[in-house]
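Survey of secondary and tertiary structure
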Amino acid sequence: EAGVVQSPRYKIIEKKQPVAFWCNPISGHNTLYWYLQNLGQGPELLIRYENEEAVDDSQLPKDRFSAERLKGVDSTLKIQPAELGDSAVYLCASSPRVGTEAFFGQGTRLTVV
Amino acid sequence: DQQVKQNSPSLSVQEGRISILNCDYTNSMFDYFLWYKKYPAEGPTFLISISSIKDKNEDGRFTVFLNKSAKHLSLHIVPSQPGDSAVYFCAASEVFYGGSQGNLIFGKGTKLSVKP
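What comes next concerns the included structure. (Residues numbered from 1 in each chain as written. Chains lettered and ligands numbered in written order. Predicted model: local features only at pLDDT ≥ 70, side-chain atom pairs only at ≥ 80, totals over all residues. Heavy atoms only, no water.)

**As for the pattern of salt bridges**
Residue and element names in this part refer to chain A. Threshold: Salt bridges are counted wherever a side-chain nitrogen of Lys or Arg sits within 4 Å of a carboxyl oxygen of Asp or Glu. Categorising residues by exposure relies on relative accessible area from a 1.4 Å probe, with only protein chains included: less than 20% of the type maximum marks a residue as buried, more than 50% marks it as exposed, and the intermediate range marks it as partly exposed. We count a stretch as a helix when DSSP gives it H or I for four or more residues in a row; a strand needs E for two or more, and each element gets its number in order from the N terminus.
Scanning the entire structure with this criterion turns up 5 salt bridges over all chains. In this structure, lysine 62 and aspartate 57 form a salt bridge, with 3.8 Å as the shortest nitrogen-oxygen distance. Given a relative accessible area of 49%, lysine 62 falls into the partly exposed group. A salt bridge links aspartate 86 to arginine 64; its shortest N-O distance comes to 2.6 Å. On the criterion of sequence distance, the pair formed by aspartate 86 in the loop between β8 (75-79) and β9 (88-95) and arginine 64 in the loop between β6 (53-56) and β7 (65-68) is long-range, its members being 22 residues apart. Under the relative-accessibility criterion, arginine 64 is labelled buried at 14%. Among the charged side chains, a salt-bridge network with shared partners connects Arg64, Glu83 and Asp86.

Printed below as a string of structure tokens:
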């Protein structure tokens, strides 16, 4: 069974430019999470989807971040415009049941210069 | 305010000995706990979990213990192997459908080094 797939693996952009990350969850997993991880820290939740509904986006900086999960499968996370402080690893995870084991992709390492 | 705390940033253990990683939580509504392992440049990998109705769960060399009254859980690795060297994250959630209760909340991690 294929795991969670994220792309790109690495992205370097100049500040004020837009960037998008893509996630394909494990087939059949209705719950999808986007996390942000800074160096030396644990993953911090940005948004959680149940099917196509964003059930918790309270930690998503909505002035510059947006996300969508069309048809309740793939998801895209966008930043526009990017700031230097957005440099981090962006992790996508999916779970067959909310609150239980979530399986992570390899992450996208974003560097904003 | 951190709801899940891993107070030891690092731990060094000799190969073959026991590794004990600790985690404390503050939210008494948490009822599901997980441990993840992370290698550099990879995403976290699920290791083992425990529901609040249990106080112990074992899977091979890995055992998780839960002390609800102390709001404390620990991961025991016996015997430790060099390949276990990684960052270990504790996570917790309220297994409740809907709202923010289903979110997995992570600690900051403990870096385990197992020396040959």
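The discussion continues.
**Some words on the side chain of A:Thr108**
All names here are of chain A. As a reminder, the rule being used: Whenever a nitrogen or oxygen atom comes within 3.5 Å of another N or O atom, the pair is scored as a polar contact, on the condition that within protein one atom can donate a hydrogen and the other can accept it, and that pairs from neighbouring residues in sequence are kept only if both atoms are in side chains. When checking whether two residues touch, look at their non-hydrogen atoms; a contact exists if any pair is within 4.5 Å.
Within the secondary structure layout, threonine 108 lies in strand β11 (residues 108-112). Of note is the side chain of threonine 108, whose polar atom sits 2.5 Å from the backbone oxygen of proline 8. Sequence-distant contacts of threonine 108, defined by excluding residues within four places in its chain, comprise Gln6, Ser7, Pro8, Arg9, Phe21, Ala88, Val89 and Tyr90.

So yeah, pure geometry; function would need other evidence.
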